Amino acid sequence: MRKIQLLALVFTLAISGFSQQNTKGFTLVIHGGAGTILKKNMTPEREKAYMAALDSALLTGYKILEAGGSALDAVQATVMVMENSPLFNAGKGAVFTNEGKNELDAAIMDGFTLKAGSVAGITTIKNPITAARAVMDKSEHVMMSGKGADLFAAQQGCEVVDPSYFYTEDRFRGLQRAKERDANKVDSSNAGLRNPLHRDEKYGTVGAVAVDKQGRLAAATSTGGMTNKKWGRIGDAPIIGSGTYANQQVAISCTGWGEYFIRLVMAKSIADRMEFGKQSLKDAAHQLVMVDLPKLGGDGGLVAVDKNGNISMPFCTEGMYRGFIRSNGQKEILIYK
Ligand code: ASP
């Protein structure tokens, strides 16, 4: 009899342990872009401003996750905070195209349902990530671009602004410098590509990934793209599987030289290495970002979280604005290598 009681107790404990695992903690990881971010080029004030902006983004997402909100809502709200800051190359603060315009890309993906939405080359929606969410929730499509995407988002109630809203002096000067460098180029062969403008001018894409209390994953990325990009150029951020991806195992948001991320199908390649190659998130992300990406000639980084709350934030540039927060309050914000 005693033995049976003991067995019952062990069984009950096992069950409660299991359900505890099902409602485990949450994790949110963010980036504010990768690039030539060197301490020697940073003033203490500017560094403080970045830290504060990243902190407020993390806390925004934390509150949603803490209250039992979804990873999807958390990554969207987190990205919006960074879109509203002129410090990052997304929303207010986006870089300029060769024509002196701001064309914005964004994507969001719900790993639980594999639903996704993205927009490319939009010019009038204050928070591009809300336009991506509208495409996901309110259209039968996954990706919309240009005028059509602007119009659709406006119809769905996303806040509309005049394109001049995206003007910032800093980014405009960045475009002038990029053009000057271009004009002074001696070697016209492939120099523009081999000596990427974005190394100096363009870091600041933003992204967030999260796993919520229920174990659901989501990813979101928003960017102005690359300084001096040609009209109509679309980067990796809005391409599901390249710059942004989430499934039931992992959520990933990338930043870097978009053309290379597209060619490596960066985010999905990592997810596949985990699923089919049984690699850990750490190993899979390391292979893609630290080996495959530089080998091809690209650079950048990413943030990722898996369903167990393991995080990865690799980058092969000088720095990447990044940070994470967990349900137990553990928080870290980093900039340099
Ligand atoms: N990946 C973005 C793009 O190529 C730029 C960035 O991350 O800074 O559009």
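Residues numbered from 1 in each chain as written. Predicted model: local features only at pLDDT ≥ 70, side-chain atom pairs only at ≥ 80, totals over all residues. Heavy atoms only, no water.

Trainee: So what exactly am I meant to see when it comes to the side chain of Thr78 here?
Mentor: Assignment of secondary structure puts Thr78 in helix H3 (residues 71–83). Those residues within four positions of Thr78 in sequence are excluded, and the remaining contacts are Leu28, Ile30, Ala57, Gly61 and Ala208. (Helix = DSSP H or I, 4+ residues; strand = E, 2+ residues; numbered from the N terminus. Contact = heavy atoms within 4.5 Å.)

Trainee: I keep staring at the sheet that holds strand S6 (residues 217–223) and nothing clicks. Help me out?
Mentor: Adjacent strands of a sheet form backbone hydrogen bonds with each other and so pair up, either parallel or antiparallel. Strands sit in the order S4-S3-S2-S6-S5-S1-S11-S12 across an open sheet of 8 strands; the sheet is mixed. Two strands in the sheet have a free side with no partner beyond their single neighbour: strand S4 (143–145) and strand S12 (331–336). Here the average twist between neighbouring strands, direction ignored, is 5 degrees. As judged from the 6 bridges shared by strand S5 (residues 206–211) and S6, these two strands associate in the antiparallel manner. When the bridges of S6 are listed, Ala208 appears paired with Ala220. (Pairing = 2+ DSSP bridges. Axes fitted to C-alpha atoms, helices over the stretch in contact; angles between N-to-C directions.)

Trainee: Please explain unusual backbone geometry as it appears in this structure.
Mentor: Among all residues save glycine, negative phi is the norm, and among peptide bonds the norm is trans. Unusually for a residue other than glycine, Leu114 sits at a positive phi of about 60 degrees. Looking at the element boundaries, Leu114 is found in the loop between strand S2 (104–110) and strand S3 (115–122). The phi dihedral of Lys278 is positive, around 55 degrees, even though this residue is not glycine.

Trainee: In this structure, what is going on with the sheet that holds strand S7 (residues 244–246)? I would like to understand it.
Mentor: Reading across from one edge, S7-S8-S9-S10 is the order of the 4 strands in this open sheet, with antiparallel pairing throughout. Strand pairing shows two members of the sheet lacking a second neighbour, S7 and strand S10 (311–312), which therefore form its edges. In terms of strand pairing, strand S9 (residues 300–306) meets S10 through 2 bridges, oriented antiparallel. Bridging from a neighbouring strand, Val305 pairs with Ile311 of S10. Across the sheet, helix H10 (residues 266–276) is in contact with S7, strand S8 (250–256) and S9; its angle to S8 comes to roughly 145 degrees. Relative to S9, helix H11 (residues 281–296) is tilted by about 170 degrees, and along the sheet it contacts S8, S9 and S10.

Trainee: I tried to follow helix H5 (residues 146–155) on my own but got confused; where do I start?
Mentor: Three or four residues apart is the spacing at which side chains of an α-helix point the same way, because the helix has 3.6 residues per turn. Inspection of H5 places Ala149, Asp150, Phe152 and Ala153 among the buried residues, and these make up the whole buried set. Down the axis, H5 shows its buried residues gathered within 165 degrees of arc, on one side only. Exposed and oriented more than 90 degrees from the buried face of H5 are Lys147, Leu151 and Gln155. Lining the buried residues of H5 we find S3, helix H4 (128–138) and S4. (Buried < 20%, exposed > 50% of the residue type's maximum accessible area, 1.4 Å probe, protein only. Arc of directions from axis to C-beta.)

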